[in-house]
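# Notes for the structure review
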Amino acid sequence: QQKVQQSPESLTVSEGAMASLNCTFSDGTSNNFRWYRQHSAKGLEVLVSIFSDGEKEEGRFTAHLNRANLHVSLHIREPQPSDSAVYLCAVSTGNTGKLIFGLGTTLQVQP
Amino acid sequence: NSKVIQTPRYLVKGQGQKAKMRCIPEKGHPVVFWYQQNKNNEFKFLINFQNQEVLQQIDMTEKRFSAECPSNSPCSLEIQSSEAGDSALYLCASRRNQDTQYFGPGTRLLVL
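In short, a report on the structure.

Conventions and cut-offs
Residues numbered from 1 in each chain as written. Chains lettered and ligands numbered in written order. Predicted model: local features only at pLDDT ≥ 70, side-chain atom pairs only at ≥ 80, totals over all residues. Heavy atoms only, no water. Salt bridge = Lys/Arg side-chain N within 4 Å of Asp/Glu carboxyl O. Helix = DSSP H or I, 4+ residues; strand = E, 2+ residues; numbered from the N terminus. Buried < 20%, exposed > 50% of the residue type's maximum accessible area, 1.4 Å probe, protein only. Phe/Tyr/Trp six-rings, centres within 6.5 Å; stacked < 30°, edge-to-face > 60°.

## Some points on the pattern of salt bridges
Where charged atoms from two side chains of opposite charge approach closely, those side chains can pair. Counted under the stated rule, the structure contains 8 salt bridges over all chains. Its salt-bridge partner being Asp83(A), residue Arg37(A) comes within 2.8 Å of it at the nearest N-O pair. Of this pair, Arg37(A) sits in strand 4 (residues 32-38) while Asp83(A) is found in the loop between strand 8 (71-76) and strand 9 (85-92), placing the two residues 46 residues apart along the sequence. Overall, the relative accessible area of 10% leaves Arg37(A) in the buried class. Among the residues examined, Asp83(A) registers a relative accessible area of 1% and is labelled buried. For the salt bridge of Arg96(B) with Asp99(B), the shortest nitrogen-to-oxygen distance reads 2.9 Å. For Arg96(B), a relative accessible area of 46% gives the class partly exposed. Residue Asp99(B) is classed as partly exposed on the basis of its relative accessible area of 23%. The network of salt bridges with shared partners includes Arg37(A), Glu45(A), Arg60(A) and Asp83(A).

What follows is the structure in structure tokens.
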């Protein structure tokens, strides 16, 4: 059974400072990794999707995947107060598309 | 960035009552997923469809939960006899085949 864990549980950064979030997964055959964010229990907004080891950039959001270490991270460049939200790591395996989510990292960006 | 529509946004039911929520996937997205997000941020996959056919569903869904995605009508998720533990945010997502899932705003169900 896939387990997805995120750290830290919460993170406070100043506006403009880099924010780094971590996600580990247990199933080494996982092949789809996505970062979503959720503002105040609303719907999820997709930020970055990554499928192979290395780096993927989407605007100010960069994901790094290292499947050997069962680790995927998200880095937010020049975060703004409007980036304050819960960031969710989602992993899927095979072709079902079913996503397994971590519990999220709550990010607070202070002006 | 998502065009998935979910209604209603909020739903309040008494224990034992039926609760029904609807989802209109993005145009051109044949695959639809339903997830339950509880107050502890735990996500649970419930069921997914490709066009009108069920692809996968969990055991819980087979008992009190039912879902369908008829052609030319919104998809729906119905809880036959609501329980307090069903209180959660129900999220619908859609995607093209093998692509990113795009989520709707969710239906927040409160069972009193």
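## Structural notes on the packing of aromatic side chains
Inspection of every chain in the model, using the stated rule, returns 11 aromatic pairs over all chains. Judged by centre distance (6.1 Å) and plane angle (75°), the rings of Phe101(A) and Phe103(B) are edge-to-face. With Phe101(A) in strand 10 (residues 100-101) and Phe103(B) in strand 10 (residues 102-103), the pair connects residues from two separate chains. The pair Phe101(A) / Phe103(B) is uniform in exposure class, with both members buried. Between Tyr35(B) and Phe45(B), the aromatic rings sit 5.9 Å apart at their centres with planes inclined by 70°, giving edge-to-face as the arrangement. Taken together, the residues Tyr35(B) in strand 4 (residues 31-37) and Phe45(B) in strand 5 (residues 43-50) connect sequence positions 10 residues apart. For the residue pair Tyr35(B) and Phe45(B), the accessibility class agrees, reading buried in each case. Taken together, Tyr36(A), Phe101(A), Phe33(B), Tyr35(B), Phe43(B), Phe45(B) and Phe103(B) form an aromatic cluster joined through their ring pairs.

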